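Notes for the structure review
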Amino acid sequence: MTFPLPFFREISLLVDFVIFFQGIVMGLIQAIRGMNDILPNEIAWWQRVEQTARMVMEDFGYYEIRTPVLEKLELFARSIGESTDIVEKEMYAFADRKGDLVSLRPEATASIVRALIQHNLHADPLVRKFYAIGPMFRHERPQKGRYRQFHQIDVEAFGVDDPMLDAEVIYMLRLFLERLGLVGVVLHLNSLGCPSCRSSYRILLQSYLADHAETLCPDCERRRHTNPLRVFDCKVERCQSVLGDAPILGDSICEECASHFARVKSYLSQLQTPFLVNPRMVRGLDYYMRTTFEVITDQLGAQNAIGGGGRYNGLVKDLGGPDIPGIGFAIGMERLILLLQQNQQVGTPSPRIFVAALGEASRTRGFLLLQELRKEGLAADMEYEGRSLKSQMRRADKLAAQHVVIIGENELSRGEAQIRDMINKTQNVLSLDRIVPTLLEMCGKDRKSSNG
Ligand code: AMP
């Protein structure tokens, strides 16, 4: 009898609920809401995404950088913008024991720019492209695809203003998603202009919003004075309906910005990278200017953005560094993996070899052999409970081992072992000192790159 997939989902939901309820009754400590454990049965997805990211980014000349998860609060307030949702509502900010205001990082760009300035990295012409992988923190209302601790793959490139780099960065993002086999996503593209063309647009938008002030939510009513572009980020339906007829930024951008945008689009077309110009996409952070982009899916409900980024030419200077341009993007790993899981399957890592031994002396010999196999780079395992051969074979099967080395007391007395090929169901006797070289040969050249 087979059960449909939703049946198992419901059972697993029920089990989660029972464990959760038990936890409450027994006073067990649970993880903080919106902050998830990534369990061994999911880890293969994470490793695959991370490995693919490293390969692609390094091919494009990016170097890995790791910055602290805790930074001075001022760094984010000054870079992301005081009147953005992230800074106003979502930061994990607090005073530390000394009273200094700090925050868990809500995104990576500000920290990387800080590190660039602090360590004078911009002086090195080779190391101006960085990538980072790690957790970010935003106090949002948790739901599918939206968490309080989530992970991003982040990319930043400094020192080049040429639209060729904008197109290259977007092309790299596309290639990364393609390598993962992601389907059904659309690249949205826009230009936010520069601070000077944006100031004339700001006046236009402010006057439009003033005409609709009574419809706006209290947050947007305030933002229309302080930072009107941020009204576009508002999720309240009545604000969104007002914006339907609002003036479009693209109509106000200066000649230089328009030409930059035209060249980005032309390079992308030459790179056969499809995009959709979305004049209402403004991104939720203040530091962006000119090219901005987002990767959108229709398969994850409300949390439809997989990643996004753009140019931020003034940011390094604003944070006290030299006047050098920058561009980057961040991909949300949870959303990316949710989407991959809906369309693909990936196995959990398993040992290639299992050592089954019977009797104390055989178990000791098996244990030593196991360590020799591992030393040679072969993923191998055994069980330590001294169970029957049948139950050891069951364990090997469950672990999807390809070869089982069987050492019984008789084999040991003859200095031999049996190797069972679990896929072809064949079995051979070998002298014990031939086991490691034979398995090395059998597992072949791919042993370093795969699970064993
Ligand atoms: P942002 O830094 O807001 O542009 O976000 C970049 C990407 O990070 C988004 O497209 C999402 O994939 C991911 N992301 C942002 N916030 C969250 C969150 N609260 N939970 C999960 N993923 C998120």
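As a starting point, this report considers the structure included with it. (Residues numbered from 1 in each chain as written. Predicted model: local features only at pLDDT ≥ 70, side-chain atom pairs only at ≥ 80, totals over all residues. Heavy atoms only, no water.)

A look at the packing of aromatic side chains
One pass over the structure, following the stated rule, counts 6 aromatic pairs. Arranged with centres 6.1 Å apart and planes meeting at 65°, the rings of Phe158 and Tyr312 form a pair that is edge-to-face. Here Phe158, found in strand β6 (residues 149-158), pairs with Tyr312, found in the loop between β10 (305-311) and α11 (315-318); they are 154 residues apart in sequence, far enough to count as distant. Taken as a pair, Phe158 and Tyr312 share a single burial class, namely buried. A network of ring pairs unites the aromatic residues Phe130, Phe158, Tyr287, Tyr288 and Tyr312 as a single cluster. (Phe/Tyr/Trp six-rings, centres within 6.5 Å; stacked < 30°, edge-to-face > 60°. Helix = DSSP H or I, 4+ residues; strand = E, 2+ residues; numbered from the N terminus. Buried < 20%, exposed > 50% of the residue type's maximum accessible area, 1.4 Å probe, protein only.)

Side note on the site of the ligand
Taken together, 14 residues sit near the ligand, with Arg138, Glu140, Tyr147, Arg283 and Ile306 positioned nearest. Between the ligand and Gln152 there is a distance of 3.0 Å, counted from an oxygen atom to a side-chain nitrogen or oxygen. Within the contact set of the ligand, an oxygen atom lies 3.2 Å away from a backbone nitrogen or oxygen of Gly307. Here the ligand, which alone exposes 480 Å², has 92% of that area covered by the protein. Using a 2 Å cut-off from the grid points, one finds that the ligand occupies the second largest pocket. The set of elements that each furnish at least two residues to the shell around the ligand consists of β6, β10 and β11 (326-332). With 3 residues, the single largest contributor to the shell around the ligand is β10. Of the residues contributing to the shell around the ligand, the split by class is 5 nonpolar, 4 polar and 5 charged. (Near = heavy atom within 4 Å. Polar contact = N/O pair within 3.5 Å; in protein donor to acceptor, adjacent residues only side chain to side chain. Areas by Shrake-Rupley, 256 points an atom, 1.4 Å probe, with all protein chains shown as cover. 1 Å grid on protein atoms, 1.4 Å probe; cavity = no way out; pocket = protein on both sides within 12 Å on 5 of 7 lines; lining within 4 Å. Sits in = over half its atoms within 2 Å of the grid points. Nonpolar A, V, L, I, M, F, W, Y, C, P; charged D, E, K, R; others polar.)

Examining the side chain of Thr84
Looking at the secondary structure, you find Thr84 in the loop between α3 (73-80) and α4 (85-90). Among the polar contacts made by the side chain of Thr84, one reaches the main-chain carbonyl oxygen of Gly81 at a distance of 2.7 Å. Contact partners of Thr84, with chain neighbours within four places excluded, come to Arg230, Gly284, Leu285 and Asp286. (Contact = heavy atoms within 4.5 Å.)

Here's the deal with the sheet that holds strand β2 (residues 70-72)
Here 3 strands make up an open sheet; going across it, the order is β2-β4-β3 and the pairing antiparallel. Both outer strands of the open sheet, β2 and β3 (93-95), are each paired with one neighbouring strand and no more. Neighbour to neighbour, the strand axes of the sheet diverge by 35° on average, direction disregarded. Pairing analysis gives 3 bridges linking β3 to strand β4 (residues 101-104), with the strands arranged antiparallel. Across the sheet, residue Ala95 finds its bridge partner in β4, namely Leu101. (Pairing = 2+ DSSP bridges. Axes fitted to C-alpha atoms, helices over the stretch in contact; angles between N-to-C directions.)

Some thoughts on the layout of surface pockets
Looking at the second largest pocket, its volume works out to about 1200 Å³. Residue lining of the second largest pocket: 49 residues in total, with Lys235, Arg283, Glu294, Ala305 and Arg335 positioned closest to the centre. Secondary-structure elements contributing two or more residues to the lining of the second largest pocket are α4, β6, β9 (289-297), β10, β11 and α12 (333-343). Here the lining of the second largest pocket gets 5 residues from one element, more than from any other, and that element is β11. Of the residues contributing to the lining of the second largest pocket, the split by class is 20 nonpolar, 14 polar and 15 charged. (Points joined across faces, edges and corners; volume = space filled by probe spheres on them.)

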